[in-house]
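Spelled out, the chains give:
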Amino acid sequence: MSHIADRIISDVGLESGVAALTTEKIEKVVTRMLKGETGAKLRAYKETCMRCGLCSQGCHYYMSHDADPSYSPVNKATETMYELMDKKGKVSPQRIYEMAQMAYTECNLCKRCAHYCPIGIDTGYIMSQVRRICYLLDVVPQYIRDTAHSHASTMNQMWVKDDEWIDSLQWQEDEARDEFPDLRIPLDKEGADIYYSVIAPEPKFRTQLIYQAAAIMNAAGVDWTMPSHPGWDNSDMCMFVGDYENMGRLKRAHYESAQKLRVKRIVMGECGHAFRSVYDMGNRWLGHKAMPVPVIHAIDFYWELINEGKIKITHQYENPVTIQDPCNIIRGRGLMDKLRDVVHFLCKEVVEMTPNREHNYCCCAGGGVINCGPPFKNTRMTGNRVKAEQLKATGVHDVVIPCHNCHGGIEDIIGYYDLKMHGKFISDIIYELMEKPEV
Amino acid sequence: MGKISSWDWEPGQKTVVKSLSPLEGHEWQEEPYVSPDGETIVAIVKVGDGEFSVRTNDSVWDATFEKIWYPKFSPDGRLAAICQQDMEWVLVADGETMGETTDYIWDTMFSEDGSSIATMYKSMERYGMSVNGEPWENLYENATMPAFTKDGAHTAAVVQAESMAAADLDGFKRGAYTVAVDGEAWKGRYVNIWNPVFNDAGDSLAATCRTTVYAHTIVVDDKPWDETYTQVWEPVFCPKDGGVVAPVRVAGKWGVAKDGKILWEPRYVQCFYLQYSPSGEDLWAVVATSYGQFTACVNNAAWNETWPTVSDLVVSPDGQRAAILASNCNEDFRIVVDGTPWSGTYDMAWPAVFSADSKNVAAKVEKNGRFRILVNGKSFERDFDAVWPPIFNEDGTKVLIRAIENNSYVRIVAEVCNF
């Protein structure tokens, strides 16, 4: 069995944070957090865990490291939160470094392990609370911390300035008009049925996704709008950092921008973690039991359009494809059937990964792990050999991936293991196949 | 356009534009906007290849632009829009440009009487604000969250006053942000600063801020409160004594602090949208009394009934009454006045409007794709294809309805007693 102390990775955020720690401060923060922000759920998890290890095979890190117990979910909980609880926070600063590295980069909060636990312990929740403690101790990996700073300062995760956002939409509208002459990306259209929200990488470097969404909305005759003001980014690295205060600020901005436009619902693009933030964590931190404005994922939306006959394709995608089931919208929301309905409508042949649906392995990018940046890329690559094996076994070249983080993670896995595959968003395929006007 | 009293309040209906079909030669016409007095309906129109203009009733601006967006009527009745010409942007009011073109402008704001118009402003990758086309002398690396005084004399925005390298955690923690008033940055630097707001006189400004990563508080004229909290929402000035109040979160519960001292003991699951009565005697808010149970609250006394979602708190001019929009997570909207919902649920609702004497309340609602105007809970005699929020006349006896029916734009003055 390896130990986290033997695989410490240098990171500016973790190092500078730990350098400023004292055991007294750790004890104070841990005690305050456990007393003030957690309760019976966490205690019940700790006291009922039988250390049976059935969760182990739920974890892609454990499976990818030849069943090394160090990566088992129960060990991660034991070496972090349970230790903090047992020792009442009396641990050394270096131990906090180890816990932070484990919580931020060796757990994707994917919750697969919860399916394997006989009593349903949610290790993802436990590790989230470890991250919260690390955030309050100022011990957070540099790159994801910077992303959270961007969220707090600009209300989006990529330091996109207010004018750059609007300009990107107007630019994509202009581009698309060469192909769809009457296309509009309606800004701030009060009373529209649909508010379309995205994550900041789209205006920053995946603008084709905005183009494609506009093309689909236009072809389907949807009454839609996009906001010109901050709140347009539904993503949330503050949630994964453990900065719940700014998670709340972000979600408030997102929901209020939709409420001001008097839309019926928000349709979000193909992102997984943002869905967790809008329907599970961010909304609840604000005091909402449910979502104050309904948010549906793009899969749900495309499924509706297809069933209403509003998406017309010229032919089906010829190459066989496989499907990545993103954790937050499959285990988190149960969209596995709709995802398959959509992909089977669009594609001639679907070769399923094994296991799949709610048992599918995480991409190893989610939960903010890919956002921890280059220092931890190898952690993701070696930590997800099982995904590479799963992908390779399908024998196909195209992977339908309806999630931004899964895209980044799987493209990295494909490159690292030389799988000669390629990821596609659903909108990539719809756009490629849809009927287009002759210009 | 002048004061409301100068508008046409003769009861009855007038067809302002008989046909809203695109005018001859227009390739398309976008969604319409209506002036407050109801005499003008406008829409952005495509008049040629890459050429856009603004249709105003049955005529069109002489000027054309490559792109037009953000059409807004100012309180004095002018139509302001943001227009692009030769790849640069300029503010245009009633077809006349205001100031020089620049790299980008956005976020149009008006003074109370509409005589001054402010926008956000960008030139050569530097950011600030502009008033009536005149940009700040000092520009910054970034500027967000604009504020504009009621009299139009002063502008403010959150600005990035210090440079930061990529992923510069230390630079961020030292504080790179502050507020610039009329382009002059405060001396203080903050980890973050949000939601600047001027007092009514325009001589004081408060904002939400983080003085350290973990210390949230309120800053007034560059002086942070001594007390800090785990989270703070946007501040409001008290019109009575000039003090500043804000919702604050302590030990997981929300309350209200005034000038750094607790005013409402933290006991709510949520508390936001603070508003003072004009006298400053009464403080209103939206609160969650329990998880998922939202309602309005005055002077720390919540209304009895709660709803899953509450928004758009509107306080009456006398400060004694209030209305909110309550919904079941954006469905089954109800207009709730003084704690009691009007009968009927709606697919969408717009903020309630009080008459100047605070006695009457009106609102726009949508049901099954049709739009209605309600006054004191009762509907106007018919519904419309589209309608704009109602406006009361000065004595509150009449209400102006601006609506589209059968492809015509109509202006209706209805008597409140007939609802």
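Just so we're clear, the structure is a prediction, and the values are computed from it rather than from any experiment.

(A) Summary view of the overall build of chain A. Counting its secondary structure elements, chain A contains 22 helices and seven strands. For 439 residues, the compact-globule estimate of 2.2 N^0.38 gives 22 Å, and chain A sits close to it at 22 Å. Taking the principal axes of its C-alpha atoms as reference, chain A extends roughly 70 × 45 × 35 Å. Buried residues in chain A amount to 68% of all 439 residues. Look at the contacts in chain A between residues 6 or more apart in sequence, and 81% of them connect residues 24 or more apart. Accessible surface, chain A as shown: approximately 14500 Å² in total, 51% of it carbon and sulfur. Here chain A contributes 51 positively and 58 negatively charged side chains, and the mean placements of these two sets differ by 7 Å.

(B) Molecular detail of the layout of surface pockets. Considering only enclosed or pocket space, the second largest pocket measures out at about 1200 Å³ in volume. Along its surface, the second largest pocket is lined by 34 residues, and A:Gly36, A:Glu37, A:Tyr244, A:Trp285 and B:Arg249 are the ones closest to its centre. When residues of the lining of the second largest pocket are traced back to their parent elements, those giving at least two are α2 (23-37), α8 (123-136), α14 (244-260) and α15 (273-285) of chain A together with β26 (253-258) of chain B. Element by element, the count of residues in the lining of the second largest pocket is highest for α8(A), at seven residues. A breakdown of the residues in the lining of the second largest pocket according to their chemical character gives 14 nonpolar, eight polar and twelve charged.

(C) The interface of chain A and chain B, seen in detail. Facing 58 residues of chain A, the contacting portion of chain B comprises 60 residues. Taken over both partners, the interface formed by chain A and chain B buries close to 5000 Å², and the fraction arising from carbon and sulfur atoms is 50%. When the area that chain A buries against chain B is broken down by residue, the three leading residues are A:Arg249, A:Arg252 and A:Arg262, summing to 15%. Along the contact surface separating chain A from chain B lie nine salt bridges. When the shortest N-O distance is used, the salt bridge between A:Arg262 and B:Asp312 registers 2.9 Å. There are 31 residue pairs in polar contact (both at pLDDT 80 or more) connecting chain A and chain B. When contributions to the side of chain A that touches chain B are tallied by element, the ones reaching two or more residues are α8, α9 (142-154), α10 (162-177), α14 and α15 of chain A.

(D) Spatial organisation of helix α21 (residues 404-416) of chain A. Residues and elements named next belong to chain A. With 13 residues, α21 extends 18 Å between its outermost C-alpha atoms, agreeing within 8% with the 18 Å of an ideal straight helix rising 1.5 Å per residue. In terms of burial, α21 is a largely internal element, ten of the 13 residues being buried. Just past α21, the residue Asp418 takes up positive phi, approximately 50°.

(E) Main features of a negative patch on the surface. Residues and elements named next belong to chain B. Together, Asp318, Asp357, Glu394 and Asp395 make up a negatively charged patch on the protein surface. The topology assignment puts Glu394 in the loop between β42 (391-392) and β43 (398-405). Relative accessible area serves as the criterion here: at 51%, Glu394 is assigned to the exposed category.

(F) Layout of the packing of aromatic side chains. Counted according to the given criterion, the structure contains 26 aromatic pairs over all chains. Relative to A:Tyr417, the ring of A:Tyr416 lies with its centre 4.8 Å away and its plane at 75°, an arrangement referred to as edge-to-face. Taking the relative accessible area as the measure of exposure, A:Tyr417 reaches 25% and is therefore partly exposed. With a centroid separation of 6.0 Å and an interplanar angle of 15°, the aromatic rings of B:Phe380 and B:Phe384 are classed as stacked. The residues B:Phe380 and B:Phe384 share a single accessibility class, namely buried. These aromatic residues form a ring-pair network of at least three members: B:Trp89, B:Tyr104, B:Trp106 and B:Tyr127. Positioned above the aromatic ring of B:Tyr70 is the side chain of B:Lys72, whose terminal nitrogen or guanidinium carbon lies 4.5 Å from the ring centre. One Lys or Arg, B:Lys364, reaches over the ring of B:Trp350 and ends 3.8 Å from the middle of that ring.

(G) Up close: the sheet that holds strand β34 (residues 334-337) of chain B. Residues and elements named next belong to chain B. Spatially, four strands are ordered β32-β33-β34-β35 in an open sheet, and the strand pairing comes out antiparallel. Pairing within the sheet leaves two strands with one partner each, and these edge strands are β32 (309-315) and β35 (340-341). Bridge analysis of strand β33 (residues 322-327) against β34 gives four bridges, and the strand direction is antiparallel. Following the sheet pairing, Leu325 is matched in β34 by Ile335.

(H) Spatial organisation of the nonpolar core. The biggest cluster of nonpolar side chains holds 108 residues, and the ones touching the most others in it are A:Met81, A:Tyr82, A:Ile96, A:Ile126 and B:Ile193. Tallying contributions element by element places α8(A) first for this core, with eight residues. Here A:Ile96 is in contact with A:Leu21, A:Ile26, A:Leu84, A:Val91, A:Leu137 and A:Val139, once residues within four sequence places are set aside. If you look at the next biggest cluster of nonpolar residues, it comprises 97 residues, including A:Ala220, A:Trp232, A:Val321 and A:Met336.

(I) Expanded view of the pairing of strand β4 (residues 41-48) of chain B. Residue and element names in this part refer to chain B. In terms of residue burial, β4 counts as a mostly covered element, since seven of its eight residues are buried. Bridging between strand β3 (residues 33-34) and β4 involves two bridges; their strand directions are antiparallel. Across the sheet, residue Val34 finds its bridge partner in β4, namely Ile41. What sits between the antiparallel neighbours β3 and β4 is a turn of six residues, in which Gly38 has the positive phi angle 80°. Both β4 and strand β5 (residues 51-56) contribute to a ladder of six bridges, which runs antiparallel. From the neighbouring strand, Gly48 faces β5, where its bridge partner is Glu51. With antiparallel pairing between neighbouring strands as the criterion, β4 and β5 make up a hairpin whose turn holds two residues, including Gly50 at a positive phi of roughly 65°.

(J) View of unusual backbone geometry. Residue and element names in this part refer to chain A. The linkage connecting Thr354 with the following residue, Pro355, adopts the cis geometry, with an omega of -5°. Along the chain, Pro355 turns up in the loop between α18 (336-346) and α19 (377-382). Positive phi, normally seen in glycine, also occurs at Met155, with a value near 65°. Its place among the elements puts Met155 in the loop between α9 and α10.

(K) View of the packing of α18(A) against helix α22 (residues 426-433) of chain A. All names here are of chain A. For the pair α18 and α22, the least separation of the axes is 11 Å and the interaxial angle reads 30°. Taken together, the axes of α18 and α22 are roughly parallel relative to one another. Note that α18 runs across α22; the crossing there is left-handed. Contacts from Leu339, Val342 and Leu346 of α18 reach α22 at Ile426, Ile429, Ile430 and Leu433. Split by residue class, the contact of α18 with α22 holds seven nonpolar, no polar and no charged.

How each quantity is defined
Residues numbered from 1 in each chain as written. Chains lettered and ligands numbered in written order. Predicted model: local features only at pLDDT ≥ 70, side-chain atom pairs only at ≥ 80, totals over all residues. Heavy atoms only, no water. Helix = DSSP H or I, 4+ residues; strand = E, 2+ residues; numbered from the N terminus. Rg over C-alpha atoms; globule rule 2.2 N^0.38 Å. Buried < 20%, exposed > 50% of the residue type's maximum accessible area, 1.4 Å probe, protein only. Contact = heavy atoms within 4.5 Å. Areas by Shrake-Rupley, 256 points an atom, 1.4 Å probe, with all protein chains shown as cover. Lys, Arg positive; Asp, Glu negative; His and termini not counted. Charge placed at Lys NZ, Arg CZ, Asp CG, Glu CD. 1 Å grid on protein atoms, 1.4 Å probe; cavity = no way out; pocket = protein on both sides within 12 Å on 5 of 7 lines; lining within 4 Å. Points joined across faces, edges and corners; volume = space filled by probe spheres on them. Nonpolar A, V, L, I, M, F, W, Y, C, P; charged D, E, K, R; others polar. Buried area = accessible area lost by both parts, 1.4 Å probe. Salt bridge = Lys/Arg side-chain N within 4 Å of Asp/Glu carboxyl O. Polar contact = N/O pair within 3.5 Å; in protein donor to acceptor, adjacent residues only side chain to side chain. Expected span 1.5 Å × (residues − 1). Patch = residues over 30% accessible without salt bridge, like charges linked within 9 Å, V, L, I, M, F, W, Y side chains within 5 Å. Phe/Tyr/Trp six-rings, centres within 6.5 Å; stacked < 30°, edge-to-face > 60°. Lys NZ or Arg CZ within 6 Å of the ring centre and 35° of its normal. Pairing = 2+ DSSP bridges. Core = buried A, V, L, I, M, F, W, Y, C linked by side-chain atoms within 4.5 Å. Axes fitted to C-alpha atoms, helices over the stretch in contact; angles between N-to-C directions. Parallel < 35°, antiparallel > 145°, perpendicular 65-115°, else oblique. Left-handed = near helix turned anticlockwise from the far one by under 90°.

In short, the description is geometric, and any link to function would need to be established separately.
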